[in-house]
Amino acid sequence: MRTDSVKKYLYKLPKNYNIPNIMITTYFAHYREKLTFKEISFKPRQAGTNSINVVKIVKIGWQALSDFARFKKDMKYTKISK
């Protein structure tokens, strides 16, 4: 993503937002910025265990749903110039 494009949306995210990459992508799609999706893959975990347990994942998910609702409302009423 180009720096000048990302700058237009960073101010909209809370300082310690958990999943900024998803929301920046959402802003790009909503405001019709130039966007290309590329498939990526990950190798299976080689060692160790997941540091985030199910309870934390659920909490992050519920918070994300709340945040998305707020962001969606904001996008409905906010115009961003290209």
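The structure presented is a predicted model; accordingly, all values stated were derived computationally and were not measured.

Q: Help me understand the overall build of the protein chain, please; the structure alone is not making it clear to me.
A: Per the secondary structure count, the protein chain includes three helices and zero strands. When the elements of the protein chain are put in sequence order from the N terminus, they spell out α-α-α. Against the compact-globule benchmark of 12 Å for 82 residues, the protein chain has a radius of gyration of 15 Å, which places it well outside the compact range. C-alpha extents for the protein chain along the principal axes are approximately 45 × 25 × 20 Å. For the protein chain, the residues scored as buried account for 23% of the 82 residues in total. When contacts within the protein chain are restricted to residue pairs at least 6 apart in sequence, long-range pairs at least 24 apart make up 65% of them. Taken as a whole, the protein chain presents about 7,300 Å² of accessible surface, with 58% of it coming from carbon and sulfur. Charge centroids of the protein chain, computed over 18 positive and 5 negative side chains, lie 3 Å from each other.

Rules behind the numbers
Residues numbered from 1 in each chain as written. Predicted model: local features only at pLDDT ≥ 70, side-chain atom pairs only at ≥ 80, totals over all residues. Heavy atoms only, no water. Helix = DSSP H or I, 4+ residues; strand = E, 2+ residues; numbered from the N terminus. Rg over C-alpha atoms; globule rule 2.2 N^0.38 Å. Buried < 20%, exposed > 50% of the residue type's maximum accessible area, 1.4 Å probe, protein only. Contact = heavy atoms within 4.5 Å. Areas by Shrake-Rupley, 256 points an atom, 1.4 Å probe, with all protein chains shown as cover. Lys, Arg positive; Asp, Glu negative; His and termini not counted. Charge placed at Lys NZ, Arg CZ, Asp CG, Glu CD.

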